[in-house]
Amino acid sequence: MSSRSAVSVCGIALSNPVIAASGTYGYGVEFKRLADLGEIGGIVVKGLSREPMDGNPAPRLYETSSGMINSVGLQNIGVRAFAAEKLPELRGAGPAIFANVFGYAVDDYTEVVRVLEDAEGVAAYELNVSCPNTKHGGIYFSTDCALLSELVAAVRRVAKRPVIVKLSPNVARIEPFACAAEDAGADAISLVNTFVALAIDAETRRPRIGAGFGGLSGPAIKPIALRMVYEAARAVKIPVIGMGGIANGIDAAEFLIAGASAVEVGTANFWDPESPVRIARELDRFLERQKLASVRDLVGTLKMN
Ligand SMILES: Cc1cc2nc3c(=O)[nH]c(=O)nc-3n(C[C@H](O)[C@H](O)[C@H](O)COP(=O)(O)O)c2cc1C
């Protein structure tokens, strides 16, 4: 990869701005045989919780027009097993390692971060805030600015590494949430997570997904994700990491033009595990064609009017 693709996001040096998105690239190590991990800017590992979780009943995935609905239910081996068994193998593979963290109460998040603080090789934390706060009547952290601020401030107090807050698109306006995260001490924000969705089997009159609702991702959501990344990037000074339906280098360029400093690639990994590598190369070729010396020259260059 050429030096024009190199970026730094909240102090983390990436060889290129393309990162594999959480929940779509396992713990990274499973992809060692499938893709050259050294060519990927970063990997966000599967969401990590305090204790192991079994996840939701099958079916967990359903393909839609240009997209996919999932309700995996955040199945994972728990933060301690990740730190002991997966992280040592992933460390040194090349990409920056981002730990995606979730929980159902503020102290679930702080506990996961506390465990990871003792582990070597994690570049930053990405907080998945699209979870209900079971101590506050099940209100989602991602849909209540006060809950979001409380969570981010609490994690900020225990984390020495950068904290990235991953916002949900399931809100009327994204700006207040982007600003709440920034004001509470986030080093960056990432968006979008999936859109709450429903697929129905007309024959059985049942949902196609075992848990009922699921999250829509993939190319179908890209135009909405681009709009939200643009709005969020205009509202904050901290870096924005954009995602939602990115499938090629030009898609990635569009997110950078909308104001993102880096991008994540999720659903595309399901049909091509080498997607992040391919997309990084395609983006690099786009920069060359555009005669841009650095990927930074593309960030936030949308000519809206
Ligand atoms: C199967 C699946 C599992 C996911 N698991 C997580 C997760 O554990 N934590 C998280 O923050 N986002 C999770 N996501 C959301 C993705 O990281 C990403 O935000 C979303 O899919 C939009 O990007 P895409 O259209 O490129 O997939 C998951 C998405 C999919 C498809």
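Right, let's walk through the structure included here. (Residues numbered from 1 in each chain as written. Predicted model: local features only at pLDDT ≥ 70, side-chain atom pairs only at ≥ 80, totals over all residues. Heavy atoms only, no water.)

**Describing the overall build of the protein chain**
Tallying secondary structure elements over the protein chain gives eight helices and 18 strands in all. In terms of overall size, the protein chain behaves like a compact globule, its C-alpha atoms giving a radius of gyration of 18 Å where 305 residues would be expected to give roughly 19 Å. C-alpha extents for the protein chain along the principal axes are approximately 50 × 50 × 45 Å. With 305 residues in all, the protein chain has 55% of them scored as buried. (Helix = DSSP H or I, 4+ residues; strand = E, 2+ residues; numbered from the N terminus. Rg over C-alpha atoms; globule rule 2.2 N^0.38 Å. Buried < 20%, exposed > 50% of the residue type's maximum accessible area, 1.4 Å probe, protein only.)

**What about the site of the ligand?**
In the vicinity of the ligand lie 24 residues, with Ser-22, Lys-166, Gly-218, Gly-245 and Thr-267 positioned nearest. Interatomic distance of 3.0 Å between a backbone N/O atom of Val-192 and an oxygen atom of the ligand. Residues of the shell around the ligand, tallied by class, amount to eight nonpolar, 15 polar and one charged. (Near = heavy atom within 4 Å. Polar contact = N/O pair within 3.5 Å; in protein donor to acceptor, adjacent residues only side chain to side chain. Nonpolar A, V, L, I, M, F, W, Y, C, P; charged D, E, K, R; others polar.)

**Notes on the packing of aromatic side chains**
Scanning the model with the defined rule gives four aromatic pairs in all. Both rings, one in Tyr-25 and one in Phe-31, keep their centres 3.8 Å apart while their planes meet at 15°; by these two values the pair is stacked. Just as Tyr-25 is buried, Phe-31 falls in that class too. With 5.4 Å between their ring centres and 85° between their planes, Tyr-109 and Phe-141 make a pair best called edge-to-face. Taken as a pair, Tyr-109 in helix α2 (residues 106-117) and Phe-141 in the loop between β10 (139-140) and α3 (145-158) lie far apart in primary sequence, 32 residues in all. Owing to a relative accessible area of 0%, Phe-141 belongs among the buried residues under this scheme. (Phe/Tyr/Trp six-rings, centres within 6.5 Å; stacked < 30°, edge-to-face > 60°.)

**Regarding the sheet that holds strand β3 (residues 18-20)**
Within the closed barrel, the eight strands sit side by side as β3-β4-β7-β8-β11-β12-β17-β18. Their pairing is parallel. The sheet shows a mean angle of 25° between the axes of neighbouring strands, direction not considered. Pairing of strand β8 (residues 124-128) with strand β11 (residues 163-166) involves four bridges; the strand directions are parallel. Paired with Leu-127 across the two strands is Val-165, which belongs to β11. Contacting β17 (240-243) and β18 (262-265), helix α6 (residues 249-258) runs over the sheet at an angle of about 140° to β18. (Pairing = 2+ DSSP bridges. Axes fitted to C-alpha atoms, helices over the stretch in contact; angles between N-to-C directions. Contact = heavy atoms within 4.5 Å.)

**Some remarks on a nonpolar patch on the surface**
A cluster of nonpolar side chains, Val-196, Leu-198, Ile-200 and Phe-213, forms an exposed patch at the surface whose accessible area comes to about 420 Å². In this fold, Phe-213 is placed in the loop between β15 (206-207) and β16 (214-217). (Patch = residues over 30% accessible without salt bridge, like charges linked within 9 Å, V, L, I, M, F, W, Y side chains within 5 Å. Areas by Shrake-Rupley, 256 points an atom, 1.4 Å probe, with all protein chains shown as cover. Salt bridge = Lys/Arg side-chain N within 4 Å of Asp/Glu carboxyl O.)

**Points about the nonpolar core**
Ranked by internal contacts, the top residues of the largest apolar core, which has 97 residues, are Val-165, Ile-189 and Leu-191. Counting residues per element, this core draws most heavily on α3, at seven residues. Every residue in contact with Leu-191, bar those within four places of it in the chain, is listed here: Leu-167, Ile-174, Met-228, Val-229, Ala-232, Val-240, Ile-241, Gly-242 and Met-243. (Core = buried A, V, L, I, M, F, W, Y, C linked by side-chain atoms within 4.5 Å.)

**Thoughts on the side chain of Thr-24**
Among the secondary structure elements, Thr-24 is positioned in the loop between β3 and β4 (42-44). With a relative accessible area of 14%, Thr-24 lands in the buried category. Among the polar contacts listed, one links the side chain of Thr-24 to the backbone oxygen of Ala-21, at a separation of 2.7 Å. If sequence neighbours within four positions are ignored, Thr-24 has contacts with Phe-31, Val-265, Gly-266, Thr-267, Asn-269 and Phe-270.

**Some points on the environment of Phe-177**
Relative to the helices and strands, Phe-177 resides in helix α4 (residues 175-183). Judged by relative accessible area, which is 9%, Phe-177 ranks as buried. Spatially, the C-alpha atom of Phe-177 lies 22 Å from that of Gly-214, the residues being 37 residues apart in sequence. Once you skip the residues sitting within four places of it in the chain, Phe-177 turns out to touch Ser-142, Thr-143, Asp-144, Cys-145, Leu-148, Leu-167 and Val-171.

**Digging into the pairing of β11**
Residues Val-163 and Val-165 of β11 are buried on one face, and the alternating residues Ile-164 and Lys-166, pointing to the opposite face, are buried as well. Bridging between β11 and strand β12 (residues 188-191) involves three bridges; their strand directions are parallel. Looking at the pairing, Lys-166 lines up with Ser-190 of β12. For the crossover from β11 across α4 to β12, the handedness is right-handed. (Right-handed = clockwise from strand over helix to strand, strands pointing away.)

**Focus: the packing of α4 against helix α5 (residues 222-235)**
Across the interface, α4 lies against α5 with an axial gap of 9 Å and an inter-helix angle of 45°. Here α4 is positioned oblique relative to α5, judged by the angle of their axes. When you trace α4 past α5, the crossing you get is right-handed. Listed contacts from α5 to Glu-175, Ala-178, Cys-179 and Glu-182 of α4 are Glu-231, Ala-232 and Ala-235. (Parallel < 35°, antiparallel > 145°, perpendicular 65-115°, else oblique. Left-handed = near helix turned anticlockwise from the far one by under 90°.)

**Re the pattern of salt bridges**
In total, this model carries 18 salt bridges according to the counting rule given. Connected through salt bridges with shared partners, the residues Arg-50, Asp-107, Asp-108 and Lys-135 form a single ionic network.

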